[in-house]
Amino acid sequence: MSKKLSKSIRFIGLGFLEPLIHLIQGKETRKNLILVLKKIIAPLASFVLFMGVWQTGAQLLYNKEADYRIEKARTEQGDEAAIKMKECIISGDVSCQPNTLPSPAQVKVSFFKLIEDHKIIRQDKKDFKEKTASLNQKRIADGKEAITYTGRPSFVDQIITSIKTVFAGFLLAILIAVPIGIIIGLSETLRDSFNWLIQIFKPVSPVVWLLLVFMIVKTVTKDSNTDSAFIISFISVGLCSMWATLVNTTMGVATVDQDFLNVAKVLKLGSFQKVFKIILPSSLPLIFTGLRITLSVAWMVLIAIELLAQSPGLGSFVWEEFQNGANDSNSKIIVAMFVIGIIGFLLDRIMLTIQKLISFNKNEGN
Amino acid sequence: MAYLELKNVQKSYGQGIGSQSVLQDINLEIEEGEFVAIVGFSGSGKTTLINLISGLQEPSSGEILFKGTPVSGTSHERGVIFQNYSLLPWLTVYQNVWIAVKETFPKKSKKERDDMVRSYLDMVNLSPAIDKRPKELSGGMKQRVAVARTLAMDPEMILMDEPLGALDALTRGKLQDEILHIWEKNKRTALLITNDVDEGIYMADRIIPLLPGPNATLGPEFKIDISRPRDKTELNDNPEFKKIRNEIIEYLMKIGHENDSSNESLYLLPDLEPKDLRWDFSSKLKLS
């Protein structure tokens, strides 16, 4: 395999396939066989193991729930009802299915159902737009507000809303935490005087932040009809997650290498120049470490906050499905769980890449 | 009056009972255009001395006069080449030098500054590496950037804190020649701190040993009357070189020995012999 090919494979994150390709080409069979076992077979085995545990667990829970239902029917309505119930469960009828941890297969079905549902809703929206296009034009010309689609959002819409909320919150966290961190980091007096505040507010639970934000935003937006649910949730996300950035920025600015400060002194840089040419660049790696933690915390608390604030998004999707209690609700919740996990992982990966790009080794200048 | 003058300079860290004196009774005079080397053991306060002269630190007592006026804070007139290069890793080679030029000559035009940066980098043979970052450079190249950065500020006095300590012998020799060349060309005043006696003799007009700390102070000076330009290979056969080298090393060894023996105390060892406590299998077996 040419170097270029292996480089591009590694670049797109499929580097683990490299030994397999080597093996197929018959190069260094023994070494590549071990590599294939290590990098491909072992992770695959762990996946199979995971699925196995899930499947058996789901099966056990299913059986227990089914037995309970049959037994209940027997004690309450007699043997005949019990047999009927058993037949009903075996037939797979929706009305009498035990409601418990869904199996992998059910989750897969739900996933495709959600996708299908999204397609339907998208089509519906498109039709609605076409239908109301001429009417809306008229309304706008008359100075009235246009009619908008008010149907329920699809699963994909919820994901997009969640991502929007998390980025709004993340942006807010950056805007608050980075400047304050720099200012506090530069002055020991400020650091000492604000330390208590940071230490006390840092461990406060997201739920309490939400309530606090709710108190304030509710009053502020009293006389306007803006969408306060979105505002509340993104401000809460920002406030919960900004602490890691704040602490890291302060740390980074406060602990700039003495060598760099000596350079600033010898060059006689002004204080403005010193901050922007020496202190900020040298603390960027720590700031980005903080931002990475902030983004992952933001994504984690977002779900809880959406769930409580009734603001649209994955959190409220999960909560609505749980309240809904339909036959496939549980498997939809599991689908959401995987989606949340995968998006969180991707966000972290993006931040890691940016962090790698801007970071430098502290000893590189020496 | 001397160009640089240190009068009874004393520096201690900490306060009260816990304070530790690093330098004491430092008296030094350097004339304009002179090249002085200070040779000392590691940990004898050499870096502190450079920091005091450059203005990075203030003496606890005593006076440092530069051209007759007391030193307060750093100045572009005294350039420092740091021991650990202290390049800014987020800037390229060009930018590292450029930032110094920009600060020292704020009135020059962009073009003039650019020319200056390029000519100094060319002087230390770094033109091909102009857009590289410090992490891509070898130790010798990094030190050359540091040299270029300091010289680009066109200081009247160059302070060097073991600038070549971490380099291999070949690179070291080359950079010594480069620094000497620049010093001779512009007739600046230079103070070199080093732990290498040969380097001091090769480069300096005078060598002053810094006696080991704590309470380090300067020893008697050794004048080096070897005509310039000096040739490294011939120097080894030069009788004057041999004489001075032996004198200095002898002096340093004597001082070092005195310092060691003053700390030495006699320990009385207890008259004990180890006892073998291992299980004696043979005797146990016989018993059973």
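Residues numbered from 1 in each chain as written. Chains lettered and ligands numbered in written order. Predicted model: local features only at pLDDT ≥ 70, side-chain atom pairs only at ≥ 80, totals over all residues.

### Section: the overall build of chain A
Phase 1: In terms of helices and strands, chain A carries 13 helices and zero strands.
Phase 2: Ordered by position from the N terminus, the helices and strands of chain A form the series α-α-α-α-α-α-α-α-α-α-α-α-α.
Phase 3: A compact globule built from 366 residues should have a C-alpha radius of gyration of about 21 Å, whereas chain A, at 28 Å, is more than 25% larger.
Phase 4: Along the three orthogonal principal directions, the C-alpha set of chain A runs to about 95 × 75 × 50 Å.
Phase 5: Within chain A, the fraction of its 366 residues that count as buried is 27%. (Helix = DSSP H or I, 4+ residues; strand = E, 2+ residues; numbered from the N terminus. Rg over C-alpha atoms; globule rule 2.2 N^0.38 Å. Buried ≥ 20, exposed ≤ 12 C-beta atoms within 10 Å, placed from the backbone.)

### Points about the overall build of chain B
Phase 1: Tallying secondary structure elements over chain B gives nine helices and 10 strands in all.
Phase 2: Relative to its length of 288 residues, chain B is extended, with a C-alpha radius of gyration of 25 Å against a globular reference of 19 Å.
Phase 3: Taken along the three principal axes of its C-alpha coordinates, chain B extends 100 × 50 × 45 Å.
Phase 4: A total of 288 residues make up chain B; the buried ones form 38% of that total.

### Some thoughts on the interface of chain B and chain A
Phase 1: Between chain B and chain A, the residue contacts involve 18 residues of the former and 16 residues of the latter.
Phase 2: With three residues, helix H2 (residues 93-104) of chain B is the largest single contributor of residues to the side of chain B that touches chain A.
Phase 3: Of the residues in the side of chain B that touches chain A, the class split is 11 nonpolar, five polar and two charged. (Contact = placed C-beta atoms within 7 Å. Nonpolar A, V, L, I, M, F, W, Y, C, P; charged D, E, K, R; others polar.)

### Things to note about the sheet that holds strand S4 (residues 61-66) of chain B
Residue and element names in this part refer to chain B.
Phase 1: Pairing is antiparallel across the open sheet formed by four strands, whose spatial order is S2-S1-S4-S5. The open sheet terminates on both sides in strands that have one partner only, identified here as strand S2 (20-30) and strand S5 (69-70).
Phase 2: Summarising the sheet, strand S1 (residues 4-13) and S4 pair through five bridges and their orientation is antiparallel. Across the sheet, Lys7 pairs through a bridge with Glu63, a residue of S4.
Phase 3: Across the sheet, helix H1 (residues 46-54) is in contact with S1, S2 and S4; its angle to S1 comes to roughly 125 degrees. (Pairing = 2+ DSSP bridges. Axes fitted to C-alpha atoms, helices over the stretch in contact; angles between N-to-C directions.)

### Points about the nonpolar core
Phase 1: Counting 77 residues, the largest nonpolar core has Val97(B), Ala148(B), Ala152(B) and Ile207(B) as the members making the most contacts within it.
Phase 2: If sequence neighbours within four positions are ignored, Val97(B) has contacts with Val117(B), Tyr120(B), Leu121(B), Val145(B), Ala148(B), Arg149(B) and Ala152(B).
Phase 3: Formed by 43 residues, the second largest nonpolar core is a distinct cluster that contains Ile235(A), Leu286(A), Leu314(A) and Ile334(A). (Core = buried A, V, L, I, M, F, W, Y, C linked by C-beta atoms within 7 Å.)

### Regarding helix H10 (residues 258-266) of chain A
Phase 1: Turning to H10(A), its buried residues are Phe260(A), Val263(A), Ala264(A) and Val266(A).
Phase 2: The first or second residue beyond H10(A) is Lys268(A), which carries a positive phi of 55 degrees.

### Digging into the sheet that holds strand S7 (residues 157-161) of chain B
Residue and element names in this part refer to chain B.
Phase 1: Reading across from one edge, S6-S7-S8-S3-S9-S10 is the order of the six strands in this open sheet, with mixed pairing throughout. Two strands bound the open sheet, and with one partner strand each, they are strand S6 (78-81) and strand S10 (222-223).
Phase 2: Strand direction decides the pairing type here: strand S3 (residues 35-40) and strand S9 (residues 206-210), joined by five bridges, are parallel. Bridge pairing in S9 places Val36 opposite Arg206.
Phase 3: Sitting on the sheet, H1 is in contact with S3, S6, S7, strand S8 (189-194) and S9, with an inclination near 155 degrees to S7.
Phase 4: Where helix H4 (residues 139-152) meets the sheet, it contacts S6 and S7, and its direction lies at approximately 175 degrees from that of S6.

### Structural notes on the environment of Leu60(A)
Phase 1: Residue position: Leu60(A) is located in helix H3 (residues 29-77).
Phase 2: The spatial distance from the C-alpha of Leu60(A) to the C-alpha of Leu286(A) is 48 Å, given a sequence separation of 226 residues.

### Here we look at the pairing of S3(B)
Residues and elements named next belong to chain B.
Phase 1: Among the six residues of S3, six are classified as buried, and the element is accordingly described as predominantly covered.
Phase 2: Neither face of S3 is exposed, since Phe35, Ala37 and Val39 on one face and Val36, Ile38 and Gly40 on the opposite face are all buried.
Phase 3: By the bridge criterion, five bridges tie S3 to S8 in an arrangement that is parallel. Looking across to S8, one finds that Val39 is bridged to Thr194.

### A word on the domain arrangement of chain A
All names here are of chain A.
Phase 1: Considered domain by domain, chain A is made up of domain 1 (3-94), domain 2 (104-151) and domain 3 (154-358).
Phase 2: Contact with domain 2, which involves nine residues of that partner, is made by eight residues of domain 3.
Phase 3: Tallied by class, the residues present in the side of domain 2 that touches domain 3 amount to four nonpolar, three polar and two charged. (Domains from an automatic or database assignment.)

### Regarding the packing of helix H2 (residues 18-25) of chain A against H3(A)
Residue and element names in this part refer to chain A.
Phase 1: Where H2 contacts H3, the axes come no closer than 8 Å and their chain directions differ by 145 degrees. Between H2 and H3 the crossing geometry is left-handed. Residues Pro19, Leu20, His22 and Leu23 of H2 form the contact with H3, whose own contacting residues are Thr29, Asn32, Leu33, Leu35, Val36, Lys39 and Ile40.
Phase 2: Of the residues belonging to the contact of H2 with H3, the class tally is seven nonpolar, three polar and one charged. (Left-handed = near helix turned anticlockwise from the far one by under 90°.)

### What to know about the pairing of S2(B)
Residues and elements named next belong to chain B.
Phase 1: By the bridge criterion, seven bridges tie S1 to S2 in an arrangement that is antiparallel. In the sheet register, Glu5 faces S2, and the bridge partner there is Glu29.
Phase 2: Between S1 and S2, which pair antiparallel and follow one another directly, the connecting turn spans six residues, one of which, Gly14, has a positive phi of 80 degrees.

### What about the packing of helix H6 (residues 155-186) of chain A against helix H11 (residues 271-309) of chain A?
Residue and element names in this part refer to chain A.
Phase 1: Closest axis-to-axis distance for the H6/H11 pair is 9 Å, and the angle between their directions is 135 degrees. Considered as vectors, H6 and H11 are oriented oblique to each other. Two packed elements cross with a definite hand, and for H6 against H11 that hand is right-handed. Of the residues in H11, those touching H6 at Ser162, Thr165, Val166, Gly169, Phe170, Ala173, Ile174 and Val178 are Ile287, Leu291, Thr294, Leu295, Ala298, Trp299, Leu302 and Glu306.
Phase 2: Considered class by class, the residues forming the contact of H6 with H11 number 11 nonpolar, four polar and one charged. (Parallel < 35°, antiparallel > 145°, perpendicular 65-115°, else oblique.)

### Comments concerning the confidence of the model for chain A
All names here are of chain A.
Phase 1: Of the residues in chain A, 96% have a pLDDT of 70 or more, and the chain-wide mean is 85.
Phase 2: Considering each helix and strand of chain A separately, the mean pLDDT is smallest for helix H1 (residues 3-11), with a value of 71, and largest for H6, with 92.
Phase 3: For residues 362-366, every residue scores under 50 in pLDDT, and the model assigns this stretch 12 contacts once sequence neighbours within four places are set aside. (pLDDT = per-residue confidence, 0-100.)

### Let's talk about the confidence of the model for chain B
Phase 1: For chain B, mean pLDDT is 83; residues scoring 70 or higher make up 92% of the total.
Phase 2: Both scores are available for the predicted complex, with the pTM at 0.77 and the ipTM at 0.78.

### Some points on H11(A)
Since there are 3.6 residues in each turn of an α-helix, residues three or four apart along the chain are aligned in direction.
Phase 1: Look at H11(A): only 45 Å from first C-alpha to last across 39 residues, short of the 57 Å you get at 1.5 Å a residue.
Phase 2: When the local axis directions of H11(A) are compared, the greatest deviation, roughly 50 degrees, occurs at Leu284(A), which is followed within four positions by the proline Pro285(A). (Expected span 1.5 Å × (residues − 1). Bend = angle between axes of the 7 residues up to and from the residue.)

### A look at the environment of Val263(A)
Phase 1: Note that Val263(A) resides in helix H10.
Phase 2: On the basis of neighbour count, Val263(A) is assigned to the buried category, with 26 C-beta atoms found within 10 Å.
Phase 3: For the pair Val263(A) and Asp348(A), spaced 85 residues apart in the sequence, the C-alpha separation amounts to 35 Å.
Phase 4: Non-local contacts of Val263(A), meaning those with residues more than four positions away in its chain, are made with Ser86(B) and Leu88(B).

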